[in-house]
Amino acid sequence: MKKTAYDVIIVGGGASGLFCAANLLSRGASVLIFEPNRFLGRKLRITGKGRCNLTNNCTPDEVMKNIVRNPNFLYSALSKMPPERIMSWFEAAGVPLKTERGRRVFPVSDSANDVAEALCRACDKAQVIRSRVDSLICENGGIKGVLAGGKNYFSKFVVLATGGKSYPRTGSDGSGYSLASAVGHTVTPQSTSLVPVITEEKFPSLGGFLLKNVSLCLYDTAKSKKPLYQELGEFCLEPYGLSGAMALSASCFMEPEKLRCKAYRLDIDFKPGLTREQLEKRILRDISSTPRLTVDGLLCGLLPKQIAGDFASRIELDGTALCSNMNKQTRDFIIDKLKHFTLTPTALCGFDQAIITRGGVSVREIEPATMESKLVNGLYFTGEIIDCDGLTGGYNLTVAFSTAFCAAENIISKGAD
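No experiment lies behind these values; they were computed from the predicted model shown.

The rules behind the values
Residues numbered from 1 in each chain as written. Predicted model: local features only at pLDDT ≥ 70, side-chain atom pairs only at ≥ 80, totals over all residues. Heavy atoms only, no water. Helix = DSSP H or I, 4+ residues; strand = E, 2+ residues; numbered from the N terminus. Buried < 20%, exposed > 50% of the residue type's maximum accessible area, 1.4 Å probe, protein only. Phe/Tyr/Trp six-rings, centres within 6.5 Å; stacked < 30°, edge-to-face > 60°. Lys NZ or Arg CZ within 6 Å of the ring centre and 35° of its normal. Pairing = 2+ DSSP bridges. Axes fitted to C-alpha atoms, helices over the stretch in contact; angles between N-to-C directions. Contact = heavy atoms within 4.5 Å. Expected span 1.5 Å × (residues − 1). Arc of directions from axis to C-beta. Right-handed = clockwise from strand over helix to strand, strands pointing away.

**Q** How would you sum up unusual backbone geometry? Please name residues and give values.
**A** A positive phi angle, close to 65°, is found at Cys-52, a residue other than glycine. For Cys-52, the location among the structural elements is in the loop between strand 2 (31-34) and strand 3 (55-56). Given the relative accessible area of 0%, Cys-52 is considered buried. At Met-371, a residue that is not glycine, the phi angle is positive and equals roughly 70°. With respect to the secondary-structure elements, Met-371 resides in the loop between strand 20 (356-358) and strand 21 (379-381). With a relative accessible area of 0%, Met-371 lands in the buried category.

Put into structure tokens, the structure is as follows:
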């Protein structure tokens, strides 16, 4: 590439910024990375509870089905860097991988640090400045460089890979949105996504209690009976509401303004493997085999003991009552609550608990085949700063890596002209 001050400036040393830099450096470009954190890839090092679910072992089409906002925008990027290529890249970089339930891909070591360090090794020839970028330098519709710490740094290519607002303690302060907005880009409103859900109903004695093999459905009460989200899996009951995998995914489909109006309903099926008829036979068998069985005792046989008593009080049944005196109407009521236990979401937790940010730079102003700005020549966007977000399962990091590669490929192509 023709030398200026730097071939490429990358703002942000997270997952997408490092992956973009690694692919540029491997093609001979000189790269300057701005990252104020002491460690590169700081957020990446804590993702997946420190294990790093770095992609999903599926096809690009399946990735797009798990992107909630603007999935079609990612078609070109995912075609160029699909999950299988992401996996191959990291294994070639010295990170053996394994595929777990839900086709989630993790390092064999279960260490997110191994993923981050592989990226750091691939970027060892990049110059890193531990500083924030104050503004972008643009002239005549094109990028010229950045201003940081009172000094100008020049390049005809700048990549904004600053991330969003989630986990602000890792440096994700939303500064990239301000940089993009200052040069004319539309930035859609940001809110939390993949985040625990606050419900009207509280569980003060059940903080972090994990429920497995249950079904969770999310409904918009003003729309059709078809759920917005439905999955079989696990989540946690918390003093404030719900956390865990399914709760996080359900949060992706909840709009903040509707939450304030209590427009959603969560429906829990504690016994998704049993039909109503099978469940009734089970209850009748338990009652018949234990003549002095109480309601609490019955529920302890159907639910984890930690929540059985709480469940009885919530559905306003006397847990000490004998089941032998129970009529069919009461049995049907218990079955209905076991199959359709409802909660009312009222809010989502804040950015300090959010895995991903909803909203960002409008995809209408980014070329989907290159990640280049349609407004400023030579300016690129990668990763979470873009208005695309997905469910849990490695999909958001897949977006980070694929958009980063797409940008790097186009920069190399332009620099070689």
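**Q** For the packing of aromatic side chains, give the residues involved together with the corresponding values.
**A** The tally for this structure, following the rule as stated, stands at 11 aromatic pairs. Judged by centre distance (5.5 Å) and plane angle (40°), the rings of Phe-311 and Phe-341 are tilted. Taken together, the residues Phe-311 in helix 11 (residues 305-314) and Phe-341 in strand 18 (residues 341-343) connect sequence positions 30 residues apart. Residue class for Phe-341 comes out buried when judged on its relative accessible area of 9%. Grouping aromatic residues by their ring pairs yields a cluster made of Phe-19, Trp-89, Phe-90 and Phe-401. Positioned above the aromatic ring of Phe-106 is the side chain of Arg-51, whose terminal nitrogen or guanidinium carbon lies 3.9 Å from the ring centre.

**Q** Which residues make up the sheet that holds strand 5 (residues 97-100), and what are the values?
**A** Taken in spatial order, the three strands of this open sheet run 3-6-5, and their pairing is antiparallel. Each of the sheet's edge strands pairs with one partner strand only, and the pair in question is strand 3 and strand 5.

**Q** Talk me through the sheet that holds strand 13 (residues 197-199); I want residue IDs and the actual numbers.
**A** If you trace the seven strands from one edge of the open sheet to the other, you get 18-17-14-15-16-13-19, paired in antiparallel fashion. Two strands close off the open sheet at either side, each with one partner strand: strand 18 and strand 19 (345-348). Neighbour-to-neighbour, the strand axes of this sheet turn through a mean angle of 40°, independent of strand direction. Sheet analysis places strand 14 (residues 209-220) next to strand 17 (residues 264-269), joined by six bridges and oriented antiparallel. Each residue of the ladder has a partner; that of Asp-220, found in strand 17, is Tyr-264. Across the sheet, helix 11 lies against strand 14, strand 15 (229-237) and strand 18, angled at about 35° from strand 14, the strand it touches most. Those strands touched by helix 12 (residues 328-339) are strand 17 and strand 18, and its axis lies near 110° from that of strand 17.

**Q** Go over helix 9 (residues 276-289) with me, naming the residues and quoting the values.
**A** With 14 residues, helix 9 ought to run about 20 Å at 1.5 Å a step, and its terminal C-alpha atoms sit 20 Å apart, in line with that. Where helix 9 is concerned, the buried positions are Leu-279, Glu-280, Ile-283, Asp-286 and Ile-287. The buried residues of helix 9 all sit within an arc of 125° when viewed along its axis, so they share a single face. Counted as exposed and oriented over 90 degrees from the buried face of helix 9: Glu-277, Lys-281, Arg-285, Ser-288 and Ser-289. Against the buried residues of helix 9 lie helix 10 (295-302) and helix 12.

**Q** How would you explain the pairing of strand 2 if you had to name every residue and give the values?
**A** Because side chains alternate across strand 2, one face comprises the buried residues Val-31 and Ile-33, and the other comprises Leu-32 and Phe-34, equally buried. Each parallel crossover has a hand, and for strand 1 (residues 8-11) linked through helix 1 (residues 15-25) to strand 2 it is right-handed. For strand 2 and strand 7 (residues 127-129), the ladder comprises three bridges, and the chain directions are parallel. Following the sheet pairing, Ile-33 is matched in strand 7 by Val-128.

What is shown is where atoms sit, not what they do.
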